[in-house]
Amino acid sequence: MRTVVIMRVRGLITLALLALVAAYALGGALFLARDDDPVSKADAVVVLAGGDSRLDVGLDLVRDGVARVLVVSEDESGRDEQRVAFCARGGAGEALGNVEVLCRKASPYSTRGEARLVAQLVEKRGWDSVVVVSSRYHLFRAERLLGRCTDVKLAMRGASEDWVRNVIAVPSEWVKLGLAETTRRDC
């Protein structure tokens, strides 16, 4: 009897581990293997809060002439010192030419709040297209949430993160995506 119980526990543990490995593999493909959307021109580049490398990608896009407006979602944590300093000086000193810089705080401070913020700006300014910059692992969920709030044409650009952050992000994105697709389906 004891041997049967041990074999069943081992079987359940093995099954759980296989499910975890499969979820991680699928998450890696879904969240980390996405290519950037092609873009030549847009009405605005929007940099979502979060990763430290996101602002640099947004700055490169506006310097390359993709858009004349740069929207930076302010990070409430204050951990991204570059973003805090950039918004404190309104983008001055970045050699952006005639690019309009808008630093805004999303309410609530979340991807869903950022999607609402983008939708408000799109409606107010009459934009037709927006390039959204976020960490690569975040693009899938961000695009889904933005698509619920606005019909603007979206192009998604991924900022690279270190491997540790990517490893941690996969299970986190599964949880956040699960919430977004079940209990938080509104804009």
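Please read all numbers here as calculations on a predicted model, not as lab measurements.

**Digging into the side chain of D75**
- Examined against the element boundaries, D75 turns out to sit in the loop between strand 2 (69-73) and helix 3 (81-88).
- Looking at D75, the relative accessible area reads 8%, which means it is buried.
- Within the local environment of D75, its side chain forms a polar contact with the side chain of Y109, the two groups lying 2.6 Å apart.

**Details of the packing of helix 2 (residues 54-63) against helix 3**
- Two numbers describe how helix 2 lies on helix 3: the axes approach to 9 Å, and their chain directions differ by 45°. Comparing their axes, helix 3 and helix 2 come out oblique. Only Q82, R83 and F86 of helix 3 make contact with helix 2, whose side of the interface consists of R54, L55, D56 and L59.
- Residue composition of the contact of helix 2 with helix 3, grouped by class: three nonpolar, one polar and three charged.

**A word on the sheet that holds strand 5 (residues 153-159)**
- The strand order across the open sheet built from five strands is 3-2-1-4-5, with neighbouring strands paired in parallel fashion. Each edge of the open sheet is held by one strand with a lone partner, namely strand 3 (100-104) and strand 5. Going across the sheet, the axis of each strand differs from the next one's by a mean of 20°, ignoring polarity.
- Direction of pairing for strand 1 (residues 44-47) relative to strand 2: parallel, over a ladder of three bridges.

**Here's the deal with the pairing of strand 4 (residues 129-135)**
- Summarising burial for strand 4: seven of the seven residues are buried, a large majority.
- Pairing of strand 1 with strand 4 involves four bridges; the strand directions are parallel. Residue V45 lies in a different strand from strand 4, and its bridge partner there is V131.
- Of the strand pairs in this sheet, strand 4 and strand 5 are connected by seven bridges, and their pairing is parallel. In the strand pairing of strand 5, S129 is matched with K153.

**What about helix 4 (residues 111-125)?**
- Spanning 15 residues, helix 4 covers 21 Å between terminal C-alpha atoms, matching the ideal 21 Å at 1.5 Å per step.
- Within helix 4, burial applies to T111, G113, E114, A115, L117, V118, A119, L121 and V122.
- Residues of helix 4 that are buried sit in contact with strand 1, strand 2, strand 3, strand 4 and helix 5 (139-149).
- Following helix 4 by one or two positions, G126 adopts a phi angle in the positive range, close to 70°.

The rules we used
Residues numbered from 1 in each chain as written. Predicted model: local features only at pLDDT ≥ 70, side-chain atom pairs only at ≥ 80, totals over all residues. Heavy atoms only, no water. Helix = DSSP H or I, 4+ residues; strand = E, 2+ residues; numbered from the N terminus. Buried < 20%, exposed > 50% of the residue type's maximum accessible area, 1.4 Å probe, protein only. Polar contact = N/O pair within 3.5 Å; in protein donor to acceptor, adjacent residues only side chain to side chain. Axes fitted to C-alpha atoms, helices over the stretch in contact; angles between N-to-C directions. Parallel < 35°, antiparallel > 145°, perpendicular 65-115°, else oblique. Contact = heavy atoms within 4.5 Å. Nonpolar A, V, L, I, M, F, W, Y, C, P; charged D, E, K, R; others polar. Pairing = 2+ DSSP bridges. Expected span 1.5 Å × (residues − 1).

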